[in-house]
Amino acid sequence: MTCSRHKIKRACLSAIAVIIAAIGYNYHSKPDRSLGNPPLRISTENKRSRPQAPAGCLRGSNSTNWSERSLSVNDATELLNAAITPEVARNLLERSKVEIKGIRDRARFSSSVMASLCKQGYSAEAWELIESNSGAVRELEIGTVFQYGKEPLSSLASKLETLVDPAERMQALRALISSRPTEIANIDFNEITMTSPQDKIAVVSGILSIISASNGPNATATDISNTQALLQKSVDLVRDRKLDVENLIKILNNDVTGDAFNQWSLMDGLKKGVEPKDLDRLRATVVPNMIRTDADKSMNLICSDPTTKYSVPVISSAINSMYEYDPQQANVWVTTHLSSLDPATGQRIVASVAQVSMRNGEYDTAKQWANQLLSPTVKQQVLDQINAAQEAKKSGKN
């Protein structure tokens, strides 16, 4: 009897043990639906080398379980459009230090993490997660926050003032301007300090990225409007000595599909802001696009404006452009209008035509034009240049 009772007791205990084991298995193999989080699965080969995430933050709201996959730079594209929480982002950034080899790849991956956060309105959280060590990763993360951050411009401008490293400021400034052209066109740049040549380069780079969009085949009316507004802002910054004349020349050279005559008009705003020689250089930069658009209108404008009709750089740019784009039309214009022009303007045009003919290897034609120069000194200088060029070509130096 006693033996039977012991057998029954042992059988019951065994059954209970099986049930407990089954319950334990089900508990550990199924998600906790009350929390909405999946079980934490980390492969044994990685569990020692990668940081652990806090429970409940390994899955983004787009249902990608980042804890179940090894990270690579190829994840950057998916992350750009992923919905992740700051906790997931923190974990991914820590893991990337171990799992992604190569600093550039890690910078790209980290940038995508930051972009995802900013797109969801976590700009402040993204700023707090920026890499503390200087270098490519930190620079690109900073640029991404300024590119995608949804904070007010004034808030980002305040963040900019906390950056002292020139490379970091360049990333921030370029991203800020290229992502907010309308706001930048209307902002008082006293709110944005430009403390170094690198800052100026960054501002110009940001403006050029906007201009590039307006030059493309898919440019919208907004792109073109933004470009015009930023051109005006660029002129204002040169006048206020926040940008240099060279910076503006670079911007003007890249606006190849804009309204060249509008560019010419914008230069009027610099008559009292820059030296006359610099104003000549700026206008000479604009002239080729004007000639390409309407040569007759351009030449009439140049030859009637008191500030340009005696300008050698402007007239030379115009003549060079006319002969480059349409030599026949250029000859017709010069021979038709030369006698009716102001004598001093006409002499400058004659000298320019002689120079063009010389560069084209038309030395006899060049000498004919040079001999029409009234100043003996200028005539001899031009003839000497032509003879030197001709001799150089004969000796094979050209």
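Model, not experiment: these values are computed from the prediction.

So, about the overall build of the chain. Helix and strand counts for the chain stand at 20 helices and zero strands. Burial statistics for the chain: of 398 residues in total, 43% are counted as buried. Partitioning the intrachain contacts of the chain with sequence separation of at least 6 by distance along the chain shows that 62% fall at a separation of at least 24. Approximately 21100 Å² of the chain is accessible, and the part contributed by carbon and sulfur atoms is 51%.

Here the chain averages 83 in pLDDT, while 83% of its residues score no lower than 70. Considering only residues more than four positions removed or in separate chains, one finds that residues 1–61, a stretch of pLDDT under 50, has 50 contacts.

Our next topic: the side chain of Lys233. Along the chain, the position of Lys233 falls in helix α11 (residues 221–239). The side chain of Lys233 is buried and forms no salt bridge, while Asp236, the nearest opposite charge, is found at 5.0 Å. Separated by 2.7 Å, the side chain of Lys233 and the backbone oxygen of Ile187 make a polar contact. In this structure Lys233 touches Ile184, Ala185, Asn186, Ile187 and Phe189, once residues within four positions along its chain are discounted.

Looking now at the packing of aromatic side chains. Centre distance and the angle of the planes are the two values used to describe a pair of aromatic rings. Using the criterion set out here, one finds one aromatic pair in the structure. Above the ring of Trp127, the side-chain terminus of Lys159 is found at 5.5 Å from the ring centroid. Looking at Lys297, its charged tip hangs above the ring of Phe261, at a distance of 4.2 Å from the centre.

All right, on to the packing of helix α16 (residues 312–325) against helix α18 (residues 343–359) then. At a minimum axis distance of 9 Å, the contact between α16 and α18 shows a crossing angle of 45°. With respect to α18, the axis of α16 lies oblique. Judged by the sense of rotation from one axis to the other, the crossing of α16 with α18 is right-handed. For the pair α16 and α18, the contacting residues are Val312, Ile315, Ser316, Ile319, Asn320 and Tyr323 in the first and Thr345, Arg348, Ile349, Ser352, Val353, Val356 and Arg359 in the second. Residue classes in the contact of α16 with α18 are distributed as seven nonpolar, four polar and two charged.

Counting through the fold element by element, Arg180 comes out in the loop between α8 (166–179) and α9 (181–186). In this structure, Arg180 is in contact with Gly149, Lys150, Glu151, Pro152, Leu153 and Leu156, ignoring residues within four places of it in sequence.

So, on to the nonpolar core. A general tendency of soluble globular proteins is for nonpolar side chains to be buried together. Core analysis: the largest hydrophobic core is formed by 99 residues, its most contacted members being Ile84, Phe146, Ile319 and Ile349. Discounting residues that sit within four places of it in the chain, Ile319 has contacts with Met299, Val334, Ile349, Ser352, Val353 and Val356.

A word on the pattern of salt bridges. Under the defined criterion, the tally for this structure stands at 19 salt bridges. In the salt-bridge network here, residues are joined through shared partners; they are Glu94, Lys97, Arg106 and Glu131.

Conventions used here
Residues numbered from 1 in each chain as written. Predicted model: local features only at pLDDT ≥ 70, side-chain atom pairs only at ≥ 80, totals over all residues. Heavy atoms only, no water. Helix = DSSP H or I, 4+ residues; strand = E, 2+ residues; numbered from the N terminus. Buried < 20%, exposed > 50% of the residue type's maximum accessible area, 1.4 Å probe, protein only. Contact = heavy atoms within 4.5 Å. Areas by Shrake-Rupley, 256 points an atom, 1.4 Å probe, with all protein chains shown as cover. pLDDT = per-residue confidence, 0-100. Lys, Arg positive; Asp, Glu negative; His and termini not counted. Salt bridge = Lys/Arg side-chain N within 4 Å of Asp/Glu carboxyl O. Polar contact = N/O pair within 3.5 Å; in protein donor to acceptor, adjacent residues only side chain to side chain. Phe/Tyr/Trp six-rings, centres within 6.5 Å; stacked < 30°, edge-to-face > 60°. Lys NZ or Arg CZ within 6 Å of the ring centre and 35° of its normal. Axes fitted to C-alpha atoms, helices over the stretch in contact; angles between N-to-C directions. Parallel < 35°, antiparallel > 145°, perpendicular 65-115°, else oblique. Left-handed = near helix turned anticlockwise from the far one by under 90°. Nonpolar A, V, L, I, M, F, W, Y, C, P; charged D, E, K, R; others polar. Core = buried A, V, L, I, M, F, W, Y, C linked by side-chain atoms within 4.5 Å.

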